[in-house]
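Examining the three-dimensional arrangement
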Amino acid sequence: MEAVLDSTIVLFLAQDGVTNGAVYALLALSLVLVFTITRVIFIPQGEFVAYGALTLAAFERGVIPPTALLAVGLGVAALLDDLIRDPAARRPARLVRGAAVSIGAPLAVLAAAAVAAPRHWGPAVEVPLTLAAVALLGPSLYRLVYRPLAEASVLVLLIASVGVHLALVGLGLLFFGAEGFRTAPLSTATYDIGPAMVTGQSLWVLGVTAALIVALWAFFGHTLTGKALQATAVNRLGARLVGIPTASAGQIAFTMAAFIGALSGVLIAPVTTVFYDTGFLTGLKGFVAAIIGGLVSFPLGAAAAVLVGLVEAFASFWASSFKEVIVFTIIIPVLLWRSIRTVHVEDEE
Amino acid sequence: MSGPLFELDRVSVSYGRIEAVRQVSLSIQPGQIVTVVGANGAGKTTLLNAAMGILPSTGSIRFQGRAVNSLSIEERVTAGIALVAEKRELFATMAVEDNLRLGAYTRPRGERTADALEEVYTLFPRLKERRKQAAGTMSGGERQMLAMGRALMAKPRVLMLDEPSLGLAPRIVKEILELVSDLRRTGVGILLVEQNARAALRIADYGYVMETGTVTLEGPATTLAADPRVIESYLGLSGQAA
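This report concerns the structure included in the present document.

Conventions adopted
Residues numbered from 1 in each chain as written. Chains lettered and ligands numbered in written order. Predicted model: local features only at pLDDT ≥ 70, side-chain atom pairs only at ≥ 80, totals over all residues. Heavy atoms only, no water. Helix = DSSP H or I, 4+ residues; strand = E, 2+ residues; numbered from the N terminus. Rg over C-alpha atoms; globule rule 2.2 N^0.38 Å. Buried < 20%, exposed > 50% of the residue type's maximum accessible area, 1.4 Å probe, protein only. Contact = heavy atoms within 4.5 Å. Areas by Shrake-Rupley, 256 points an atom, 1.4 Å probe, with all protein chains shown as cover. Lys, Arg positive; Asp, Glu negative; His and termini not counted. Charge placed at Lys NZ, Arg CZ, Asp CG, Glu CD. Buried area = accessible area lost by both parts, 1.4 Å probe. Salt bridge = Lys/Arg side-chain N within 4 Å of Asp/Glu carboxyl O. Polar contact = N/O pair within 3.5 Å; in protein donor to acceptor, adjacent residues only side chain to side chain. Patch = residues over 30% accessible without salt bridge, like charges linked within 9 Å, V, L, I, M, F, W, Y side chains within 5 Å. Pairing = 2+ DSSP bridges.

A word on the overall build of chain A
Helix and strand counts for chain A stand at 15 helices and two strands. By the compact-globule yardstick of 20 Å for 349 residues, chain A fits well, its C-alpha radius of gyration being 21 Å. Structurally, chain A occupies a C-alpha span of about 70 × 60 × 35 Å along its principal axes. The buried share among the 349 residues of chain A stands at 49%. Contacts in chain A between residues at least 24 apart in sequence constitute 76% of all its contacts with a sequence separation of at least 6. Just so you have it, chain A exposes about 15,500 Å², and 72% of that area is on carbon and sulfur atoms. Averaging the locations of the 18 positively and 19 negatively charged side chains of chain A gives two centres separated by 12 Å.

Structure follows, in structure tokens:
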């Protein structure tokens, strides 16, 4: 039976596609961010999305999210790792500061979560706590897994990422169970714009994505810290020679990636049922977009993400059982085209 | 000033079992240009990388009387030591002015970068003309100027230059070395590593000759330039072209 596409359905699918595309754009941006600064192809980005959604769902059920506990655990491990590796970290001043950042911050979030969880204070409290708990996983993961491998090849880093992905999915199952969750929408309003009916939730997603893109653009283009991160990506030794602490560049990149991942999770949780392993497929769609942008271009990656969202929406209308296949097939012509016309750019001498 | 500004004392660097630098000692006073000359592979670059903390070394490295051996690269930059590496290590895709601004990364945040930037532009007017251009699109000489300018933005007390003449046309080499010679007036101590011994000894106050990882000769630059052994190996027609 042929499905008939009329203008109402087109508008509905387009809205759906653009909204999902905006979330993929956030993921693509994080992947590009992490890759350009650390050369890590960050497969577990999707897990941050699932953790974000499920952490918020835990708050809604009045449960202390295990994510906050994990953040404390990883913080302790990262600090111990520092103490073992680096004698300078054992100096009292450094130790106090290290403990405050690695353990103090996640403990504070855990304490706040324990207070907030049973009281149902609503999204204004629960969303920031969710974002904080997940964002704190980023720097600890970087320090534990990727910093010791900082000089390793992209392939080794990729394999490490696969390991982190499997570990986080396993922990996700342990923490949240096999059941899927959906959270209350941030907005239940609907607006009639011409012939289209736009939901408040879509506007939230688009608004947050747009705001984040502008914030990232301003940060990288107009602040010294942003430029220092960019410089670390362009030339690591050069960055060290001007005194940029490149190890903290990696930590900042991972914190931002975890934060953006959690934010994506919070945004999709009201529209999709999220399971402990949902993140992987969502992350891969962001990855398709990032690849179209060559893993280095923020604007291309973001634009490609919207395209991925639209293709997915229309594919699910015409051939819903093949929608994932169709989305991932986009990557083939892109890779062919890239491999044919790749220009080898010599950066130095 | 009591004691030297920057001092290497019996510094050795090994790559696995191979000792690339053996027991090298040298010292620099403020406002002095000290050069290390020697053939390709003599260990000159290795020595500078060890002094900067890029490579681990044994022996002692002192800056203003304080041992800096245990400091990281970033901490040495903050202390006032800068290296212009042989490969320049610029941020190729970023604008010239961004490269310079990042050079001042270790300076206190409140300080006005604009003044330091003006000083560098006065030294290298060519950089001002190209300040919006991507660093990677400039000529070899301009890139060397940018690398030096970027290092000066950190207001170093010791500036180490690794082969600033490498790959440049003789006219540009002359221009760059004149600029290095002028920097002396700012009181910065300069450690200049060069294969182009003739040019380096012409502007330097004191020189060391390195061969296969050790210092074989040292003395005031004019004495070295007149030494028959130096003339034969490094300045003669059979040696490096000037």
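A closer look at the interface of chain A and chain B
Contact with chain A, which involves 22 residues of that partner, is made by 25 residues of chain B. Buried area between chain A and chain B, summed over both chains or domains, comes out near 2,200 Å², and the portion from carbon and sulfur atoms is 62%. In this assembly, chain A and chain B are joined by two salt bridges. Between A:Arg240 and B:Glu74 there is a salt bridge; the shortest N-O distance is 2.9 Å. Counting across the interface, chain A meets chain B through four residue pairs in polar contact (both at pLDDT 80 or more). Counting residues per element, the ones that place at least two in the side of chain A that touches chain B are helix H9 (224-234) and helix H10 (236-241) of chain A. The element contributing the most residues to the side of chain A that touches chain B is H9(A), with seven residues.

Here we look at a nonpolar patch on the surface
Residue and element names in this part refer to chain A. A grouping of Leu5, Val10 and Trp318 is seen on the molecular surface, where their side chains present a nonpolar patch of about 270 Å² in accessible area. Within the element layout of this structure, Val10 appears in helix H1 (residues 7-38). You can call Val10 partly exposed: its relative accessible area is 32%.

Things to note about the pairing of strand E2 (residues 18-28) of chain B
Residues and elements named next belong to chain B. Taken together, the seven bridges between strand E1 (residues 6-15) and E2 define a ladder with antiparallel strand orientation. In the strand pairing of E2, Tyr15 is matched with Ile18. Hairpin connection, E1 to E2: the antiparallel pair is bridged by two residues, and Gly16 has positive phi, about 60°.

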